[in-house]
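Residue-level structural notes
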Amino acid sequence: MSDNATAPTGMSTGTKHRNLDRTFSVAPMMDWTTRDYRAFARTLTREALLYTEMVTTGAILHGSPRERFLGYSDVEHPVALQLGGSDPAALAECAAIAETWGYDEVNLNVGCPSDRVQNNLIGACLMEHPGKVAAAVRAMQAAVSIPVTVKCRIGIDEQDEDADLAHFIERVADAGCEVFIVHARKAWLEGLSPKENRDVPPLNYPRVHRLKAQYPDLHIGINGGIKTLDECQAQLEKVDSVMIGREAYQNPWRLAGIDAAIYGGTSPVSSRHAAARAFRPYIAERLAEGAKLNHVTRHLLGLFQGCPGGRQFRRHLSENAHRHGAGLEVFDEALAKVRELDTANAVA
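We now turn to the structure provided with this report. (Residues numbered from 1 in each chain as written. Predicted model: local features only at pLDDT ≥ 70, side-chain atom pairs only at ≥ 80, totals over all residues. Heavy atoms only, no water.)

Side note on the nonpolar core
Applicable threshold: As used here, the term nonpolar core means buried Ala, Val, Leu, Ile, Met, Phe, Trp, Tyr and Cys residues forming a set that is joined through side-chain atoms within 4.5 Å. Categorising residues by exposure relies on relative accessible area from a 1.4 Å probe, with only protein chains included: less than 20% of the type maximum marks a residue as buried, more than 50% marks it as exposed, and the intermediate range marks it as partly exposed. Secondary structure follows DSSP: runs of H or I at least 4 residues long count as helices, runs of E at least 2 residues long count as strands, and numbering of each begins at the N terminus.
Counting 99 residues, the largest nonpolar core has F24, V110, V133, V150, F168, F180 and L255 as its most contacted members. Counting residues per element, this core draws most heavily on helix α12 (residues 272-288), which supplies 6 residues. Grouped together as the second largest cluster of nonpolar side chains are 8 residues, A27, L49, I181 and M243 included.

Describing the packing of helix α4 (residues 88-100) against helix α6 (residues 130-143)
Where we set the bar: Between N-to-C directions, angles span 0 to 180 degrees; the directions come from axes that are lines fitted to C-alpha atoms, helices contributing only their stretch in contact. Crossing handedness follows the turn of the near helix against the far one: under a right angle anticlockwise gives a left-handed crossing, and clockwise gives a right-handed one. Here, residues are in contact when the closest pair of their heavy atoms is within 4.5 Å.
Remark: α4 packs on α6, axes separated minimally by 8 Å, with the N-to-C direction vectors making an angle of 35 degrees. As for how α4 packs across α6, the hand of that crossing is right-handed. Residues P88, L91, A92, A95, A96 and E99 of α4 form the contact with α6, whose participating residues are A135, A136, A139, M140 and A143.

A look at the packing of aromatic side chains
Short version of the rule: Whether two aromatic rings pair depends on their centres lying within 6.5 Å, for rings of Phe, Tyr and Trp, where Trp uses its six-membered ring; planes under 30 degrees apart make the pair stacked, over 60 edge-to-face, and the rest tilted.
Counting across every chain of the model gives 6 aromatic pairs. Judged by centre distance (5.2 Å) and plane angle (40 degrees), the rings of Y37 and Y249 are tilted. Of this pair, Y37 sits in helix α1 (residues 35-41) while Y249 sits in helix α10 (residues 246-250), placing them 212 residues apart in sequence. With a relative accessible area of 9%, Y249 lands in the buried category. Aromatic side chains Y72 and Y103 sit 4.7 Å apart centroid to centroid with 50 degrees between the ring planes, which places their arrangement in the tilted category. On the criterion of sequence distance, the pair formed by Y72 in the loop between α3 (67-70) and β3 (79-84) and Y103 in the loop between α4 and β4 (105-110) is long-range, its members being 31 residues apart. Judged by relative accessible area, which is 0%, Y72 ranks as buried.

Section: unusual backbone geometry
Cis geometry is adopted by the peptide bond preceding P65, which originates at S64 and carries an omega value of -5 degrees. Here P65 shows up in the loop between α2 (57-62) and α3. In the segment running from H77 into P78, the intervening peptide bond is cis, with an omega of -5 degrees. Considering the arrangement of structural elements, one finds P78 in the loop between α3 and β3. Unlike most non-glycine residues, D157 shows phi in positive territory, near 45 degrees. Within the element layout of this structure, D157 appears in the loop between β5 (148-156) and α7 (163-174).

Structure representation (structure tokens):
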């Protein structure tokens, strides 16, 4: 495994994606889109753009070791680092660090509704401060040559989903941002939990579609509630890109059809078992580095969703992968509980 965990070696690979094809991406998700999940996702799709969890500027600038927050494997490219913060100088410094580590894009989080990040002026609350976001984008772009993008909501609380969103987009675009990934829900910062904010506010896809029509020169991506390949293709008739979150994690086999359907290529694996076997060397290397088996394999629990033996696979890993000294034999035992099919179950 060529690893950027111990030193910022990504720049030396020569793999730079300045003109990223972000037609399809996997959303940044706290505790889910870890380096291990992203490496597993690469067994299913070579083309999708992958995002890290949100990492705050404070964690990067003051946390130690830095590899804990920025480490990744070269197989993950193209991969974007999502930053949380609002101070332009700190964000610019972190963007420069991200470029040194070899990340292909830096994305600013303007969508997370959690109380903890609100108190630090991070996430969705920044939609009330388009000037601060614009200043941050301007500073970050001045510090790097990789793309600087923004992920936001269609609004927060009592904001007008038309006028206030348009004002936000215009202000930040004037600062130089050309790519916006828009979660098609409002975030209610008062009265709803972060979990409720993923489901309760109604989706408003037409608002994002109108945004693209209103600003044809900007790249407008859509996120929120999209699950199937057919839904992705329908959205791509209206916007520039689609980002999928929970479905890509909870039912990762969805990703196996992306390269063919979206990019016109071929899937890197022919079956779920093939994906699991392709990931086995990575698991072995992570174990050799000192990682615990359950920390790596927890990201595969949904791989055999709906398959005969899928529950037994999940149960065996859940009950045994956390045990002291658990190794590849536990993973192999779990895999043996699922009947292998002759042909792939194509993504729908």
